[in-house]
Amino acid sequence: MKKMELLAPAGNPEKLKLAFLYGADAAYLGGTSFSLRAFSDNFTPEQIKEAVEYAHSLGKKIYVTVNIFPSDEDFQYLPDYLRYLESIDVDAVLIADPGIFRLCREVAPNLSIHVSTQANTTNWSAVRFWKECGAERVVLAREVPLRDVKDIYEKTHMELEGFVHGAMCISYSGRCLLSNYFTQDRDSNHGECVQCCRFKYSLVEEKRPGEYFPVMEDERGTYIMNSKDMCLIGHLPALYEAGLSSLKVEGRMKSLHYVATVIKTYREAMDAYEADPEHFSVRAEWLEELEKISHRPYTTGFYFGRPDENDQVYAKSSNVQTHDFIGLVKSYDEESGRACIEQRNFFKVGQDVEFLMPHGPVVHMTVTELTDGDGKPVEAARHAQETVYLKTEVPLEPYAMMRRKSK
């Protein structure tokens, strides 16, 4: 069976390291310019170079997003940026705009191009067009049903990438002007989206200024554009059979916990399917893991038909989760049986916790003993990112995620 690529989001160098540690084959990231996630930490040019070197040392790949919709002034700096990405051996750039595509072919001819989902590619003819232009992969629009994915692959034999997990956008393939309208200076198509689709909206009658009425009968108002999140963990066989080459996880602005949990869960599921597709079934623990991260209720998006009102969340825009991320394991000393923990949320002696490990099953335990850096006992980890030491009989891997059930 052809091995599928698992593609992870990397909002900063720490998330990149975790993505690879927890099982990603490749990661996509943005520089400090020309990327559609201006408010993630992003990577400086030197950090991109370091990311490429790190990925290649592991036999993995780095794709860099250059997927803004540019104005003329952007072309003053784009040529040198594209030449730089080519010089450091970036595995591919993600481009949506034909002007940037043309420029890339001219100034960085050896740089592989993947067509971004922002290009709204929804049919085989458009995929063939991009192939003829020299693209090596097309990231299909989220609006493409799975039956069309299969047809597109059979008619083009092009590498196809599809989103399988994460936030959905109310606008077609993410092309949105609402940020510009509401904020004047926040252009969603230059990476500065304020997520207006998550706002609470009410109706104002023309002759009654200042009087607001819920669009639906609900005392909390309504979130008419708030979509559920995508989750395809239960449909891996169909994704493989459709001809996709890469399964993409959304979330460059999401947390370390999100990246680690989602990537490890899909890694385990994909490995299980590839090892024995005939007897593959979705495990309950995979579904439970994906409930532990911050998310909106899940949907399969457009893959199996057009979404309806059941795919929107009208009552609220906040996320749900069953567990809180409370600490990150930095190291483990076998001789003393102590793990060095960087606190990410309050926890204390006596609490039941668990650890999501980069490899192997989740470890459950009760916190029985904590000490500070001087070895003095402490009752709790109270301060943001303070270092404490946890006594444990079970060895813990560096970068394991420490969690407890949400209240």
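Only a predicted model underlies this, so the values are computations on that prediction, with no experimental measurement involved.

### Structural notes on the side chain of Thr-265
Part 1 of the reasoning: Counting through the fold element by element, Thr-265 comes out in helix H9 (residues 256–275).
Part 2 of the reasoning: Every residue in contact with Thr-265, bar those within four places of it in the chain, is listed here: Ile-233, Trp-286, Glu-289 and Leu-290.

### A closer look at the nonpolar core
Part 1 of the reasoning: Membership of the largest hydrophobic core comes to 97 residues, with the highest contact counts inside it found for Ile-48, Ile-62, Val-64, Val-66 and Leu-85.
Part 2 of the reasoning: Per-element tally for this core: the top contributor is H9, with 11 residues.
Part 3 of the reasoning: Once residues within four sequence positions are removed from consideration, Ile-62 is found in contact with Leu-16, Phe-20, Ala-27, Leu-29, Ala-51, Val-52, Ala-55, Val-90, Asp-91 and Ala-92.
Part 4 of the reasoning: The next biggest cluster of nonpolar side chains, apart from the first, holds 19 residues, and it includes Ile-326, Ile-341, Phe-347 and Val-388.

### Points about the packing of aromatic side chains
Part 1 of the reasoning: Overall, the coordinates contain seven aromatic pairs when judged by the stated rule.
Part 2 of the reasoning: Their ring planes at 40° and their centres at 5.2 Å tell us that Phe-101 and Trp-130 sit as a pair that is tilted. Of the two residues, Phe-101 sits in helix H4 (residues 98–107) while Trp-130 sits in helix H5 (residues 124–133), which places them 29 residues apart along the sequence.
Part 3 of the reasoning: Residue Trp-130 is classed as buried on the basis of its relative accessible area, which comes to 8%.
Part 4 of the reasoning: Between the aromatic rings of Tyr-240 and Tyr-273, the centroid separation amounts to 4.7 Å while the plane-to-plane angle is 45°, which identifies the pairing as tilted. With Tyr-240 in helix H8 (residues 236–241) and Tyr-273 in helix H9, the pair connects residues that are 33 residues apart, well separated along the chain. Of the two residues examined, Tyr-240 and Tyr-273, each falls in the buried class.
Part 5 of the reasoning: The ring centre of Phe-163 lies 3.8 Å from the NZ or CZ of Arg-142, which sits over that ring.
Part 6 of the reasoning: Taking the ring centre of Tyr-28 as reference, the NZ or CZ of Lys-248 above it sits at 4.3 Å.

### Things to note about the pairing of strand E7 (residues 159–166)
Part 1 of the reasoning: Within E7, seven of the eight residues are buried, which leaves the element mostly enclosed by the surrounding structure.
Part 2 of the reasoning: Once you follow strand E6 (residues 137–139) into helix H6 (residues 146–156) and on to E7, the crossover reads as right-handed.
Part 3 of the reasoning: Bridging between E7 and strand E11 (residues 246–249) involves four bridges; their strand directions are parallel. Counterpart to Gly-162 in the pairing with E11 is Leu-247.
Part 4 of the reasoning: Pairing between E7 and strand E10 (residues 229–231): two bridges, direction antiparallel. Residue pairing in the sheet places His-165 in a bridge with Cys-231 of E10.

### Re H9
Part 1 of the reasoning: Taking 1.5 Å as the rise per residue, H9 with 20 residues should run 28 Å; its terminal C-alpha atoms sit 28 Å apart, in good agreement.
Part 2 of the reasoning: Counting buried positions along H9 yields 17 of 20 residues, so the element is predominantly enclosed.

### Quick notes on the packing of helix H3 (residues 78–87) against H4
Part 1 of the reasoning: Closest axis-to-axis distance for the H3/H4 pair is 10 Å, and the angle between their directions is 55°. Regarding the angle of H3 to H4, the classification is oblique. In the crossing of H3 with H4, the sense of the turn from one axis to the other is right-handed. When H3 is examined against H4, the residues Leu-78, Pro-79, Leu-82, Arg-83 and Glu-86 are found in contact with a partner set consisting of Ile-100, Leu-103, Cys-104 and Val-107.
Part 2 of the reasoning: Residues of the contact of H3 with H4, tallied by class, amount to seven nonpolar, no polar and two charged.

### Looking at the sheet that holds strand E21 (residues 387–391)
Part 1 of the reasoning: Here we have eight strands laid out as an open sheet, ordered E17-E16-E22-E13-E14-E21-E18-E19, and antiparallel in their pairing. Across the chains shown, the open sheet's two edge strands, defined by having one partner strand only, are strand E17 (363–366) and strand E19 (377–378).
Part 2 of the reasoning: Pairing of strand E16 (residues 352–356) with strand E22 (residues 401–405) involves three bridges; the strand directions are antiparallel. Opposite Glu-354, over in E22, you have Arg-403 as the bridge partner.

### Section: the environment of Arg-296
Part 1 of the reasoning: Within the element layout of this structure, Arg-296 appears in the loop between helix H10 (284–292) and strand E12 (298–299).
Part 2 of the reasoning: Residue Arg-296 is classed as buried on the basis of its relative accessible area, which comes to 10%.
Part 3 of the reasoning: Counting along the chain gives 66 residues from Arg-296 to Met-230, while the straight-line C-alpha distance between them is 8.9 Å.

### With respect to the pattern of salt bridges
Should their charged atoms come close, side chains of opposite charge can pair.
Part 1 of the reasoning: Under the defined criterion, the tally for this structure stands at 22 salt bridges.
Part 2 of the reasoning: Taking the shortest distance from any N to any O, the salt bridge between Arg-137 and Glu-161 comes out at 2.7 Å. Separated by 24 residues along the polypeptide, Arg-137 in strand E6 and Glu-161 in strand E7 bring together distant segments of the chain.
Part 3 of the reasoning: Arg-267 is the partner of Asp-271 in a salt bridge, and the nearest nitrogen-oxygen pair spans 3.2 Å. A residue pair is termed a helical-turn pair when its members lie 3 or 4 positions apart in one helix, as Asp-271 and Arg-267 do in helix H9 at four residues.

### Quick word on H4
Part 1 of the reasoning: Considered for burial, the residues of H4 that qualify are Ile-100, Phe-101, Leu-103, Cys-104 and Val-107. Looking straight down H4, one finds its buried side chains confined to an arc of 165°; they lie on one side. Turned more than 90 degrees away from the buried face of H4, the exposed residues are Pro-98 and Glu-106.
Part 2 of the reasoning: Taken together, the buried residues of H4 touch H3, strand E4 (92–95), strand E5 (113–115) and H5.
Part 3 of the reasoning: The N-cap residue of H4 is Asp-97: its side-chain oxygen and the backbone nitrogen of Gly-99 are 2.9 Å apart.

Conventions and cut-offs
- Residues numbered from 1 in each chain as written.
- Predicted model: local features only at pLDDT ≥ 70, side-chain atom pairs only at ≥ 80, totals over all residues.
- Heavy atoms only, no water.
- Helix = DSSP H or I, 4+ residues; strand = E, 2+ residues; numbered from the N terminus.
- Contact = heavy atoms within 4.5 Å.
- Core = buried A, V, L, I, M, F, W, Y, C linked by side-chain atoms within 4.5 Å.
- Buried < 20%, exposed > 50% of the residue type's maximum accessible area, 1.4 Å probe, protein only.
- Phe/Tyr/Trp six-rings, centres within 6.5 Å; stacked < 30°, edge-to-face > 60°.
- Lys NZ or Arg CZ within 6 Å of the ring centre and 35° of its normal.
- Right-handed = clockwise from strand over helix to strand, strands pointing away.
- Pairing = 2+ DSSP bridges.
- Expected span 1.5 Å × (residues − 1).
- Axes fitted to C-alpha atoms, helices over the stretch in contact; angles between N-to-C directions.
- Parallel < 35°, antiparallel > 145°, perpendicular 65-115°, else oblique.
- Left-handed = near helix turned anticlockwise from the far one by under 90°.
- Nonpolar A, V, L, I, M, F, W, Y, C, P; charged D, E, K, R; others polar.
- Salt bridge = Lys/Arg side-chain N within 4 Å of Asp/Glu carboxyl O.
- Arc of directions from axis to C-beta.
- Polar contact = N/O pair within 3.5 Å; in protein donor to acceptor, adjacent residues only side chain to side chain.

None of the figures reported here should be taken as evidence of function without further support.
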